[in-house]
Amino acid sequence: MSTYKRLPVVFERGEGVWLWDDTGKRYLDALSGIAVCGLGHAHPAVREAICEQAGRLIHTSNIYRIAEQERLGDLLTAAAGMDRVFFANSGAEANEAAIKLARLHAHRRGIENPTILVTENSFHGRTLATLTATGNRKVQAGFEPLVQGFVRVPYNDVDAVETAAANRKNIVAILVEPIQGEGGINIPADDYLARLRAVCDREGWLLICDEIQTGMGRTGRLFGFEHAGIVPDVFTLAKGLGNGVPIGACLARGAAAEVFGPGSHGSTFGGNPLACRAARAVLETIAADDLVANAARQGEGLLAAFRGFLADIPGVVDVRGRGLMIGIELDRPCAELVNLALAEGLLINVTAERVVRLLPPLILQEPEARQLAETLSSLILRFLAAR
Ligand SMILES: Cc1ncc(COP(=O)(O)O)c(C=O)c1O
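Procedures and definitions
- Residues numbered from 1 in each chain as written.
- Predicted model: local features only at pLDDT ≥ 70, side-chain atom pairs only at ≥ 80, totals over all residues.
- Heavy atoms only, no water.
- Near = heavy atom within 4 Å.
- Polar contact = N/O pair within 3.5 Å; in protein donor to acceptor, adjacent residues only side chain to side chain.
- Areas by Shrake-Rupley, 256 points an atom, 1.4 Å probe, with all protein chains shown as cover.
- Helix = DSSP H or I, 4+ residues; strand = E, 2+ residues; numbered from the N terminus.
- Core = buried A, V, L, I, M, F, W, Y, C linked by side-chain atoms within 4.5 Å.
- Buried < 20%, exposed > 50% of the residue type's maximum accessible area, 1.4 Å probe, protein only.
- Phe/Tyr/Trp six-rings, centres within 6.5 Å; stacked < 30°, edge-to-face > 60°.
- Lys NZ or Arg CZ within 6 Å of the ring centre and 35° of its normal.
- Pairing = 2+ DSSP bridges.
- Disulfide = S-S within 2.5 Å.
- Axes fitted to C-alpha atoms, helices over the stretch in contact; angles between N-to-C directions.
- Parallel < 35°, antiparallel > 145°, perpendicular 65-115°, else oblique.
- Left-handed = near helix turned anticlockwise from the far one by under 90°.
- Contact = heavy atoms within 4.5 Å.
- Nonpolar A, V, L, I, M, F, W, Y, C, P; charged D, E, K, R; others polar.

**Student:** Describe the site of the ligand, naming the residues involved and giving the relevant values.
**Tutor:** Taken together, 13 residues surround the ligand, and among them Gly91, Ala92, Asp210, Gln213 and Lys239 come closest. Glu182 is positioned such that a nitrogen or oxygen atom in its side chain is 3.4 Å from an oxygen atom of the ligand. Measuring from a nitrogen atom of the ligand, one finds a side-chain N or O atom of Asp210 at 2.7 Å. Computed on the free molecule, the ligand has an accessible area of 390 Å², of which 81% lies beneath the protein chains in the complex. Top contributing element to the shell around the ligand by residue count: helix H4 (residues 91-108), with three residues.

Structure, rendered in structure tokens:
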């Protein structure tokens, strides 16, 4: 079905941060399949893990124990400071699990119509519950009736959360991205998450972080919430977890980790041996190759380079980012830049109409970062000068 407005290019193979199309032209991939291929393309560790696992066992069922799921679960919960994990197949499904968990938690505590606070400009997925949670009318329009049980507040606004807390008695959780991705690489105040954590502790709400875009080293920490020095009760992962093999995860700690029991949620494919083996290879490689630190270092270099090239240029509103999650906001719609970059052999994205979004692989090295900064900056300068 024609659900996607596709760019006129077909990629045939990839290696590291590079992709080649069917005419043999090479592209620098500064998008990683939208924050998915953190280890780049055709990474040997992922390839070997998948091939080996495929030759042994791809799928059994969650009606049996799954050794690879247990191994990944142990690694992931230990890395995250969480107690338990539910495995799904996508980001939206991971968020669905978190939403169901919050509702079940509330019902067990006698709250009949549980409400989850969500934010403006957020993105949480395309299923009915997650598009309702999403703060973008375009994603929702035409799919009414929406799902009940969500209340929206502005992002980066703790006062609005306090007002909601004072006026509503059935709030049970806040669902929030540590940095808004689709919404335009919106970085909240440094104390935002810590203050939300404090409100949640006071009110007995669950703090649920959507780490689907920010997680797995993207921001220069393994998880985005680490920048705030807090730990959520629940958080979700997908995208970079499997480097392209579909897998999502909903992690929880404390009482939240004990909410689901046998029969309360499930998935046929979720956490199957193949997906879990791929994700374990990703986690182990990120640790072994110190890719979180690399993302932080390369991200700082890129930000400095972009600021050097673009600071004080009329039309450039802001250059911002954390790790390898970078946004360059212009004063005008700039979707056209994606095609201009494509012609130059560079893959970028524009989100929220005016924000160039960069999500390059965590394996990015200096020469490629320099090429990215130079090519994109000159494209932006040309684009702004032409109009
Ligand atoms: C923050 C966030 N949450 C959820 C999703 C949905 O993930 P998926 O497309 O895997 O369902 C995305 C995808 O862009 C996302 O960025």
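After presenting the structure, the write-up continues.
**Student:** Explain the nonpolar core residue by residue, including any values.
**Tutor:** Counting 84 residues, the largest nonpolar core has Phe306, Ile328, Ile348, Val356 and Ile380 as its most contacted members. If you tally residues by element for this core, the top one is helix H12 (residues 366-386), at eight residues. With 25 residues, the next largest nonpolar core counts Ala98, Phe150, Leu175 and Val234 among its residues.

**Student:** How would you sum up the packing of aromatic side chains? Please name residues and give values.
**Tutor:** Within this structure, the stated rule accounts for five aromatic pairs. Considering the side-chain rings of Phe225 and Phe235, the 5.1 Å spacing of their centres and the 70° angle between planes classify their relative orientation as edge-to-face. Highlighted residues: Phe225 in the loop between strand S8 (206-210) and strand S9 (234-237) and Phe235 in strand S9, separated in sequence by 10 residues. Note on accessibility: Phe225 and Phe235 belong to one class, buried. These aromatic residues form a ring-pair network of at least three members: Phe223, Phe225 and Phe235. Geometry around Trp18 places Arg26 over its ring, the cationic atom sitting 3.5 Å from the centre.

**Student:** Break down the sheet that holds strand S13 (residues 346-347) for me, citing the residues and quoting the values.
**Tutor:** Taken together, four strands build an open sheet; the order of strands is S1-S2-S3-S13 and the sheet is mixed. If you trace the sheet from one side to the other, it starts and ends with strand S1 (11-15) and S13, each paired once.

**Student:** Describe the state of the cysteines, listing the residues and the values that go with them.
**Tutor:** Enumeration according to the criterion identifies zero disulfides in this entry. Among the cysteines around Cys200, which has no disulfide bond, Cys209 carries the closest sulfur, lying 9.0 Å off.

**Student:** How would you explain the packing of helix H7 (residues 158-167) against helix H8 (residues 192-203) if you had to name every residue and give the values?
**Tutor:** For any two helices packed against each other, the geometry comes down to the angle between their axes and how far apart the axes lie. Contact geometry of H7 with H8 gives a least axis separation of 10 Å together with a crossing angle of 10°. Judged by the inter-axis angle, H7 sits roughly parallel to H8. Considering how the two elements wind past one another, H7 and H8 form a crossing that is right-handed. On the side of H7, the interface is formed by Val158, Asp159, Val161, Glu162 and Ala165, while H8 contributes Tyr192, Arg195, Leu196, Val199, Arg202 and Glu203. Taken together, the residues of the contact of H7 with H8 sort by class into six nonpolar, no polar and five charged.

The values are spatial; any link to function lies outside them.
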